[in-house]
Amino acid sequence: MTEAGDIEGAGIGTAIVSYMEPHPGSELEFNRWYERDHFPAAVLAGPGAYAGQRFVATRRCKIERPPGDLFGDPGTGSYLSVAWLLPGAQPAWDAWIGPQMEMLRREDRMFAGRDHLHTAVYDFVWEARAAGAPPSCVALDDGATGLVAVAITGDDTAAEGWANDLAGEGIPLVVGLRRQRLLVSVLGEPAPHLLILAFVDGDVLDVWRRRAVPALATLRGEFGFASPFFATVPGTDTYADQL
């Protein structure tokens, strides 16, 4: 619920979500390339993109994942990046990305040492906020320590109510995104799904075990993916040796 005097901000029209796995031995180079070149140059520089954040699943995170193969083997898949676009901006971003990628290829600014598991455009559907939580439009700038990502492939009609129950201690904000279309994946087209991003404040794995895991057991509808992620630490290689 919006408190008196709140300004909800520009809002989220769409999100660009990318999920990647660096090849063994390329972890440091991938992290630096994606953070310092590709994410800003091939995502955030596009029209209407106004916020972005990267997250990483270490070995400890992957061990916690329940079975589910929506995005491939749950034992792989390390880096998740999320970018918000303004409402109505997706067509301009779509027109921009093709020529931009061609320019990056000409300048030899691509990186072969990774598997591109999933990149897609998602429509913003809803948010669930605990008392005092910021609106979703600033979630990627708010210093979340990590997130819990859940992809529902079955009946998701009860998902918003489930997210409202989840929002609370350790999880101030939950965002629901519906997959609009796939951009690129070595795995092919995944099943239609609702992607839920629960932003974590505090110890990521503790919040996952105490709050997310019990909540997943009550989730109506099948989920094809669920995982905790740590927020990356910009300008560092933190976690790159723990994949």
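Residues numbered from 1 in each chain as written. Predicted model: local features only at pLDDT ≥ 70, side-chain atom pairs only at ≥ 80, totals over all residues. Heavy atoms only, no water.

What follows concerns the overall build of the chain. Check the secondary structure of the chain and you find 5 helices and 8 strands. By the compact-globule yardstick of 18 Å for 243 residues, the chain fits well, its C-alpha radius of gyration being 17 Å. Based on the C-alpha atoms only, the size of the chain along its principal axes is roughly 50 × 40 × 35 Å. Counting the 243 residues in the chain, one finds 53% classified as buried. Relative to all contacts within the chain whose residues are 6 or more apart in sequence, the contacts with residues 24 or more apart total 85%. When the accessible surface of the chain is split by element, carbon and sulfur atoms take 54% of a total near 10500 Å². (Helix = DSSP H or I, 4+ residues; strand = E, 2+ residues; numbered from the N terminus. Rg over C-alpha atoms; globule rule 2.2 N^0.38 Å. Buried < 20%, exposed > 50% of the residue type's maximum accessible area, 1.4 Å probe, protein only. Contact = heavy atoms within 4.5 Å. Areas by Shrake-Rupley, 256 points an atom, 1.4 Å probe, with all protein chains shown as cover.)

Turning our eyes to something else, we now look at the sheet that holds strand β2 (residues 49-56). Whenever strands of a sheet pair, they do so through backbone hydrogen bonds, lying parallel or antiparallel. In space, the 8 strands of this closed barrel follow the order β1-β3-β2-β8-β5-β7-β6-β4, with antiparallel pairing throughout. Across the sheet, the mean angle separating the axes of adjacent strands is 35 degrees when strand polarity is ignored. In this structure, strand β4 (residues 114-129) lies alongside strand β6 (residues 173-184), joined through 10 bridges in antiparallel fashion. Paired with Arg 129 across the bridge in β6 is Leu 173. Its contacts with the sheet place helix α4 (residues 159-166) against β4, β5 (146-152), β6 and β7 (194-200), and it is angled at close to 80 degrees to β4. (Pairing = 2+ DSSP bridges. Axes fitted to C-alpha atoms, helices over the stretch in contact; angles between N-to-C directions.)

Compared with an ideal rise of 1.5 Å per residue, which puts 18 residues at 26 Å, helix α1 (residues 27-44) spans 22 Å between its outermost C-alpha atoms and falls more than 12% short. The largest bend along α1 measures about 50 degrees and falls at His 38, with the proline Pro 40 one to four residues further on. (Expected span 1.5 Å × (residues − 1). Bend = angle between axes of the 7 residues up to and from the residue.)

Enumeration according to the criterion identifies 14 aromatic pairs in this entry. Plain terms: the ring middles of Trp 33 and Phe 111 are 5.3 Å apart, the flat faces sit at 20 degrees to each other, and that makes the pair stacked. Note that Trp 33 is positioned in helix α1 and Phe 111 in the loop between α3 (90-106) and β4, a separation of 78 residues in sequence. Residue class for Phe 111 comes out buried when judged on its relative accessible area of 16%. Clustering of aromatic rings is evident, with ring pairs tying together Phe 30, Trp 33, Tyr 34, Phe 39, Tyr 79 and Phe 111. (Phe/Tyr/Trp six-rings, centres within 6.5 Å; stacked < 30°, edge-to-face > 60°.)

Tracing the backbone shows Val 17 in strand β1 (residues 14-22). Distance from Val 17 to Thr 119, taken between C-alpha atoms, is 5.5 Å for residues 102 residues apart in sequence.

Along β2, 6 of the 8 residues are buried, which leaves the element largely enclosed by surrounding structure. Pairing between β2 and strand β8 (residues 223-231): 2 bridges, direction antiparallel. Pairing of Phe 55 across the sheet is with Ala 231, part of β8.

As a further point, take the nonpolar core. Inside soluble globular proteins, nonpolar side chains tend to come together where they are buried. Trp 84, Val 174, Leu 177, Ile 196, Phe 199 and Phe 229 are the most contacted members of the largest nonpolar core, which totals 82 residues. Not counting residues up to four positions away in its chain, the partners in contact with Leu 177 are Ala 15, Val 17, Trp 84, Tyr 122, Asp 123, Phe 124, Val 125, His 193, Leu 194, Leu 195 and Leu 197. (Core = buried A, V, L, I, M, F, W, Y, C linked by side-chain atoms within 4.5 Å.)

On to the pattern of salt bridges. Using the criterion set out here, one finds 12 salt bridges in the structure. Linking Arg 32 and Asp 237 is a salt bridge whose minimum nitrogen-to-oxygen distance equals 2.4 Å. Taken together, the residues Arg 32 in helix α1 and Asp 237 in the segment after β8 connect sequence positions 205 residues apart. Put simply, Glu 107 and Arg 109 hold a salt bridge, and the shortest N to O gap is 2.7 Å. Of the residues examined, Arg 109 reaches a relative accessible area of 25% and is grouped as partly exposed. Salt bridges here are not isolated pairs; linked through shared partners, they connect Asp 37, Glu 107 and Arg 109. (Salt bridge = Lys/Arg side-chain N within 4 Å of Asp/Glu carboxyl O.)

Before going further, it helps to spend a moment on the confidence of the model for the chain. Within the chain, residue pLDDT values average 94, and 96% of them lie at 70 or more. The low-confidence segment residues 1-5 (pLDDT under 50) makes 2 contacts with residues lying over four places distant or belonging to another chain. (pLDDT = per-residue confidence, 0-100.)

Counting through the fold element by element, Asn 164 comes out in helix α4. For the pair Asn 164 and Trp 208, spaced 44 residues apart in sequence, the C-alpha to C-alpha distance is 16 Å.

The next thing to look at is unusual backbone geometry. One non-glycine residue, Asp 108, adopts positive backbone phi at about 55 degrees. Take Asp 108: its relative accessible area is 68%, and that puts it in the exposed class. A positive phi is found at Tyr 239, a non-glycine position, where the angle reads about 80 degrees. Position of Tyr 239 relative to the elements: it lies in the segment after β8. Here Tyr 239 falls in the buried class, since its relative accessible area comes to 19%.

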